Amino acid sequence: MTDAITRYDLPQTAIPRRWYNIQADLPRPLPPVLHPATHAPIGPDDLAPLFPGALIQQEVSTERYIDIPDEVREIYKLWRPTPLIRARRLEKALDTPAHIYYKYEGVSPSGSHKLNTAVAQAYYNKAAGVQGLTTETGAGQWGTALSIACNFVGLPLEVFMVKVSFQQKPYRRVIMQSFGSSVQASPSDTTDAGRAVLAQDPDTTGSLGIAISEAVEVAAKSGGTKKYALGSVLNHVLTHQTVIGQEALAQMELAGEFPDVVVACAGGGSNLGGIALPFIHLNLTAGKNTRILATEPAACPSLTRGVYAYDFGDAIGMTPLIKMHTLGRRFIPPPVHAGGLRYHGMASIISELYDQRMMEATAIGQVETFKAAMTFLRAEGIVPAPEPSHAIAGVIREALAAKESGEKKVILFHLCGHGHFDMSAYDAFVSGQLHDYEYPQELIDAAMADLPQVEDPTQAS
Ligand SMILES: *Cc1c(COP(=O)(O)O)cnc(C)c1O
């Protein structure tokens, strides 16, 4: 055994005491969120039927730091701080001079980063006297995380689970139910939104956008007793996730290195924001120059092939309009296995950073992604979820480029979840059933033609 260190741990006292809010440091403010009917910028009152006041304040806050409530930190102690690992065995397998580090959120009770915001959202809703939450879930990671969080704070939870996952991932449903949540396949016949979709297409496998419509409808019609929780995209969600990047900064310091590039997969943008925003803070305020690389599936390329425009967050068109990189709200992504990356839009914060060239993005097919996952798991022993396997594929490209150029590059990536519930995807890969899927340009063009006609207030003369 050598003395070479492969793991950098922080004590529980180093769990961050505040979240970092990048809205304090953006060169220009985020585009306003618009009312779905009037297209006028919305105020806090418009969001009050869906979210508690504390989260609405965080959504629009320009304070640089937001204190993490003691009750939330107390629950974070169950798994935080998460480890930072030097992937020496992967470096060796790739024969690269690059140093590769990863921050591993798969050690959380839900198996992914989502519990960081789930606990915060459940806490603020409970504190505001809300009597129940509604939400949607795609692959099941968010529904699982929010079920665990609601169980801790004592809030009932109703989950609308995209039908294809409900059928393919029964164990995810059972976990949510074990924590006390009620779970329905979406589209369901219990909401107007669900019934409308079923009337048009009774055999639909559902989508995240449709499930969001259902969950929002139940909260909106509850007369204020129930509220809605979203696991990604929103500003407050990305802010909550910054515990990841803050810890990673301290751990890279323990390792005595600083990353040249930070890589993470992008679905709605929360795990990417979580690890990257504290590094972008230093780019913006401390003269650092860290590259940020988002990796997205070639089958759902909202950053690299979508447009930066106002669009709805859901499929039906009930939510406020957000300016974001989008493939159009009616986009029903091909059934690639990275369920968590199959969303038509992208967080406003990530869209703005990408538009302002403060980060890069690349799209990767699922065959390259699973090959990368295999290389990683055989070297490091952890089965990665399909979503962060896109980040691993991006890392391997970077590491092989470093080998080509002989550069001693330092790479940090986010392993935001393990893949223990994704073995059917691995099964498809090892049996040769997994194929690449490029989203056809005609379908993207059709979706673009269908974007809501909105006068963009950031373009107004
Ligand atoms: C939900 C999820 C994602 C996608 O969501 P982001 O908001 O882009 O992070 C990616 N990976 C895992 C493991 C997830 O649970």
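Residues numbered from 1 in each chain as written. Predicted model: local features only at pLDDT ≥ 70, side-chain atom pairs only at ≥ 80, totals over all residues. Heavy atoms only, no water.

**Considering the pairing of strand β7 (residues 157-162)**
Of all six residues making up β7, five are buried, and the element is well covered by its neighbours. Strand direction decides the pairing type here: strand β6 (residues 132-137) and β7, joined by five bridges, are parallel. Each bridged residue has a counterpart across the sheet, and for Thr 137 the counterpart in β7 is Met 161. Relative to strand β8 (residues 182-186), β7 runs parallel, the two being bridged by five bridges. When the bridges of β8 are listed, Val 159 appears paired with Val 183. (Buried < 20%, exposed > 50% of the residue type's maximum accessible area, 1.4 Å probe, protein only. Helix = DSSP H or I, 4+ residues; strand = E, 2+ residues; numbered from the N terminus. Pairing = 2+ DSSP bridges.)

**Notes on the state of the cysteines**
A complete count under the given rule lists zero disulfides for this structure. No disulfide involves Cys 265; its sulfur sits 4.1 Å from that of Cys 416, the nearest cysteine. A residue is classified by how much of its surface remains accessible, and Cys 265, at 1% relative accessible area, is buried. (Disulfide = S-S within 2.5 Å.)

**Section: unusual backbone geometry**
For the bond from Arg 80 to Pro 81, the omega torsion is -10°, close enough to zero to count as cis. Its location among the elements puts Pro 81 in the loop between α3 (70-76) and β4 (84-86). In this chain, Ser 186 is followed by Pro 187 through a cis amide linkage whose omega measures 5°. You can see Pro 187 is positioned in the loop between β8 and α9 (192-200). Positive phi, normally seen in glycine, also occurs at His 39, with a value near 65°. Within the secondary structure, His 39 is located in the loop between β2 (18-20) and α1 (44-47). The phi dihedral of Arg 357 is positive, around 60°, even though this residue is not glycine. Summarising the element assignment, Arg 357 is placed in the loop between α14 (348-355) and β14 (360-364). Taking relative accessible area as the criterion, Arg 357 reaches 72% and is therefore assigned exposed.

**Here's the deal with α9**
Along α9, the residues classified as buried are Ala 193, Gly 194 and Val 197. Projected down its long axis, α9 shows its buried positions confined to an angular sector of 95°, all on one face. Looking at the buried side of α9, the elements it contacts are α10 (208-220). (Arc of directions from axis to C-beta. Contact = heavy atoms within 4.5 Å.)

**As for a nonpolar patch on the surface**
Where nonpolar side chains cluster on the molecular surface, the patch consists of Tyr 171, Val 174 and Phe 421 and spans about 300 Å² of accessible area. Looking at where Phe 421 falls in the secondary structure, it is placed in the loop between β15 (410-415) and α17 (423-430). According to the relative accessible area criterion, Phe 421 is partly exposed, its value standing at 30%. (Patch = residues over 30% accessible without salt bridge, like charges linked within 9 Å, V, L, I, M, F, W, Y side chains within 5 Å. Areas by Shrake-Rupley, 256 points an atom, 1.4 Å probe, with all protein chains shown as cover. Salt bridge = Lys/Arg side-chain N within 4 Å of Asp/Glu carboxyl O.)

**Focus on the domain arrangement of the chain**
Assigned domains of the chain: these are domain 1 (7-14 + 80-111 + 241-455) and domain 2 (18-68 + 114-235). Here the C-alpha centroids of domain 1 and domain 2 sit 22 Å apart. On the side of domain 2, 51 residues touch domain 1, which itself brings 53 residues to the contact. When domain 1 packs against domain 2, close to 4200 Å² is buried across both sides, 65% of that on carbon and sulfur atoms. If you look at where domain 1 meets domain 2, you find three salt bridges. Salt-bridge contacts for Arg 28 lead to Glu 352; the nearest nitrogen and oxygen are separated by 2.6 Å. Counting the contacts that link domain 1 with domain 2 gives 13 residue pairs in polar contact (both at pLDDT 80 or more). Only α12 (242-255), α13 (270-285), β12 (307-312), β13 (321-326) and α14 provide two or more residues apiece to the side of domain 1 that touches domain 2. Broken down by element, the side of domain 1 that touches domain 2 gets its largest block of residues, seven residues, from α13. For the side of domain 1 that touches domain 2, the residue count by class is 25 nonpolar, 18 polar and ten charged. (Domains from an automatic or database assignment. Buried area = accessible area lost by both parts, 1.4 Å probe. Polar contact = N/O pair within 3.5 Å; in protein donor to acceptor, adjacent residues only side chain to side chain. Nonpolar A, V, L, I, M, F, W, Y, C, P; charged D, E, K, R; others polar.)

**Side note on the sheet that holds β6**
Pairing is parallel in the open sheet, where four strands are placed in the order β8-β7-β6-β9. Each edge of the open sheet is held by one strand with a lone partner, namely β8 and β9 (226-228). Taking the axes of each pair of neighbouring strands and ignoring which way they run, one obtains an average angle of 25° across the sheet. The sheet contacts of helix α8 (residues 170-178) involve β6, β7 and β8, and relative to β7 the element is tilted by about 175°. Packed onto the sheet, α10 meets β6, β7, β8 and β9 and runs at close to 170° relative to β6. (Axes fitted to C-alpha atoms, helices over the stretch in contact; angles between N-to-C directions.)

**Side note on the nonpolar core**
Ranked by size, the top nonpolar core spans 66 residues in total, and within it Trp 19, Tyr 76, Leu 272, Leu 353 and Leu 412 carry the most contacts. Looking at this core element by element, the count peaks at seven residues for helix α6 (residues 141-153). When we break this core down by domain, the ones giving at least three residues each are domain 1 (7-14 + 80-111 + 241-455) and domain 2 (18-68 + 114-235). If we skip the residues at most four places from it in the chain, Leu 353 touches Ile 22, Leu 26, Leu 277, Ile 280, Met 358 and Met 359. Counting 26 residues, the second-largest nonpolar core is a separate cluster that includes Leu 94, Ala 393, Val 395 and Phe 413. (Core = buried A, V, L, I, M, F, W, Y, C linked by side-chain atoms within 4.5 Å.)

**Brief notes about the packing of aromatic side chains**
Inspection of every chain in the model, using the stated rule, returns eleven aromatic pairs. Ring geometry for Phe 376 versus Phe 413: centroids 6.0 Å apart, planes at 80°, classification edge-to-face. With Phe 376 in helix α15 (residues 366-380) and Phe 413 in strand β15, the pair connects residues that are 37 residues apart, well separated along the chain. By relative accessible area, which is 0% here, Phe 376 ends up buried. By the ring-pair criterion, three or more aromatic residues cluster together here, those being Tyr 102, Phe 376 and Phe 413. Stacked on the ring of Tyr 65, the Lys or Arg Arg 18 has its end atom at 3.7 Å from the ring centre. (Phe/Tyr/Trp six-rings, centres within 6.5 Å; stacked < 30°, edge-to-face > 60°. Lys NZ or Arg CZ within 6 Å of the ring centre and 35° of its normal.)

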